[in-house]
Every structure is written in structure tokens, then in C-alpha cells.
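Report on the structure
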Amino acid sequence: MNSEFQGKREYADSEEQKIFAGRLFCPADPELVQMKLKSHKLSQKYSSLGEDETEERETVIKEMIGSFGEGSFIQGPVFFHYGVHTSIGDNCFFNYNLTIQDDARVSIGDNNNFGPNFTVVTPVHPLIASERNAMLDPDGNVKHLCYARPVNIGNSCWFGAGVTVCPGVTIGDNVVIGAGSVVTRDIPSDVFAAGVPCRVIRRITEDDSIMYKPEISEGCRPTL
């Protein structure tokens, strides 16, 4: 395939396809605007429902989110930017004020717990101010352009209150992220990480078992 033909093929892609390819896209594209408007309205509707209105909430979630696993629960209020770009696994719990700005895809595994004010962001804006203000597309049209990077979260993680996960980050399994952290880089499995920017503090080991804290456990013990 010659470069001229390849360039024409890429230019023919939809704005959503450009997002998934990690290329510059125009957030003001009419199709994207309609997708976001639908998600915003559904987010508002979900947020207005009581947590005991389970059937109504389930109906909204199925329409709002790309996939939502069995046994998962979102407290609300919520804000999903596209919604359909997000997949959530089984048995996840999300506390108050969940925000997922899912321009790029956001994948969340099973058995995860999220404290209040958890945020995922995927879009990235140019660092050069003039490029943030406006750029020319291949046809010479003036547009606001950005790009986005996917976020992937593994299984059995715990996120403290006020955690923000930034574009392009992958987080492994069995991870604990401390409250208020801003996660700007990948985090491996089986660690405790915290800070701004978030960094690995140490590995999680058997010494962290609640069994070694009898003043807290009061005879409770792990299931496994």
C-alpha cells in the first residue's frame, strides 16, 4: 500500500475511529456530539434515581454503558462522557461522584472497589497553546482537535477517595491506590501505590492480612 493511498484511507475514517486509533480527532464532530449528548442525558437520569429504584437504574445502565457486569453497583451521581466506550466487569462497587471521561475506551475488570470522587480521563490536549486553540484539518478547516489514550484496570483493586487515573494508564490486579492519588503511569499487580504523581510504595504481602490485626478483626477471618 503506497503512502498516498494510506493517507486517503485514514482520512476517510470516522472521528470515532480516529479516537480508537490514537489520532487527532474533532470533539465537535456532529456524530460524536450526539453520542455525548445521549450519555450526558442518561447520566443525569441515572443520578436522579434513588438507589432503591433498581429496575429503572438497570434499564438506564444497559443503555448508558458499553457493558456492565453482574453484581456491580454504582452509587451515583455519575457522569459518563460517551458511556458506550466503557466496559465494567462483575462485582464492582463505585461510591459517590463517579466520573469517566471515556473518549478512548475504558476497561474495568472484576471485583474492584472505588471510593468517592473517582475519576478516569482519556483525552489529551496539545501542550502548545496555539495548537490547543485551533488547528487545520487536512482540508484546511479550522478545528479544535485532541487525541485520547485508553485506560485499563485489572481485577480485585481498591481505589481510595479522590483518585484520578490519567490517559493511557494500565493498572494490574490486586492493586491498592491511596486516596487523592493521580495515576499518570502504569501500575503493576500486587502493590500499594499512592501520591501525586502516583508511585509504587511497596508490594502487598501476606503480612498485610487482617488476621494479624486482632484488635480490628475480632475473630473474623478470610474466606480463603
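My aim in this report is to walk through the structure given alongside it, one point at a time. (Residues numbered from 1 in each chain as written. Predicted model: local features only at pLDDT ≥ 70, side-chain atom pairs only at ≥ 80, totals over all residues. Heavy atoms only, no water.)

Along the chain, the position of D137 falls in the loop between β11 (135-136) and β12 (142-143). Within the structure, D137 has its side chain in polar contact with the side chain of K143 (distance 3.3 Å). (Helix = DSSP H or I, 4+ residues; strand = E, 2+ residues; numbered from the N terminus. Polar contact = N/O pair within 3.5 Å; in protein donor to acceptor, adjacent residues only side chain to side chain.)

Topologically, T59 is positioned in helix α4 (residues 54-64). Judged by relative accessible area, which is 54%, T59 ranks as exposed. Sequence separation of T59 and Y46 is 13 residues, and the distance between their C-alpha atoms is 9.4 Å. (Buried < 20%, exposed > 50% of the residue type's maximum accessible area, 1.4 Å probe, protein only.)

Residues of α4 that are buried: R57, V60, I61 and M64. One side of α4 holds all its buried residues, which, seen down the axis, span an arc of 100°. Across from the buried face of α4, at angles greater than 90 degrees, the exposed residues are E55, T59 and K62. Summarising the contacts, the buried residues of α4 are in contact with α3 (30-48), β1 (67-68), β2 (73-74) and β3 (78-80). (Arc of directions from axis to C-beta. Contact = heavy atoms within 4.5 Å.)

Moving on to unusual backbone geometry. In this chain, G76 is followed by P77 through a cis amide linkage whose omega measures -5°. Counting through the fold element by element, P77 comes out in the loop between β2 and β3. Between V196 and the following residue, P197, the backbone shows a cis peptide bond with an omega angle of -5°. Tracing the sequence through the fold places P197 in the loop between β20 (191-194) and β21 (199-203). Even without glycine at this site, N97 takes up a positive phi of about 60°. Take N97: it is sitting in the loop between β5 (93-94) and β6 (98-101). Residue N97 is classed as partly exposed on the basis of its relative accessible area, which comes to 34%. With a phi close to 60°, N111 is a non-glycine residue in the positive phi region. Of the residues examined, N111 reaches a relative accessible area of 37% and is grouped as partly exposed.

Across the sheet, which stays open at both edges, the five strands sit in the order β1-β4-β7-β14-β17 with parallel pairing between neighbours. Unpaired on one side and paired on the other, β1 and β17 (170-171) mark the two borders of the sheet. For strand β4 (residues 86-88) and strand β7 (residues 106-108), the ladder comprises three bridges, and the chain directions are parallel. Directly across from T86, in β7, lies its bridge partner V106. (Pairing = 2+ DSSP bridges.)

The subject of this paragraph is the packing of aromatic side chains. Any aromatic ring pair is given by two values, namely how distant the centres are and how the planes are angled relative to each other. Inspection of every chain in the model, using the stated rule, returns five aromatic pairs. With 4.4 Å between their ring centres and 0° between their planes, F94 and F114 make a pair best called stacked. Placement of F94 in strand β5 and of F114 in strand β8 (residues 113-114) is noted, with a sequence separation of 20 residues between them. Overall, the relative accessible area of 1% leaves F94 in the buried class. Pairing F114 with F118 gives two aromatic rings, centres 4.6 Å apart and planes at 50°, and the pair type is tilted. Like F114, the residue F118 is buried in the burial classification. Here a set of aromatic residues connected by ring pairs shows up, and it is made of F94, F114, F118 and F159. Between R105 and the ring centre of F20, over which it is positioned, the NZ or CZ distance is 3.9 Å. (Phe/Tyr/Trp six-rings, centres within 6.5 Å; stacked < 30°, edge-to-face > 60°. Lys NZ or Arg CZ within 6 Å of the ring centre and 35° of its normal.)

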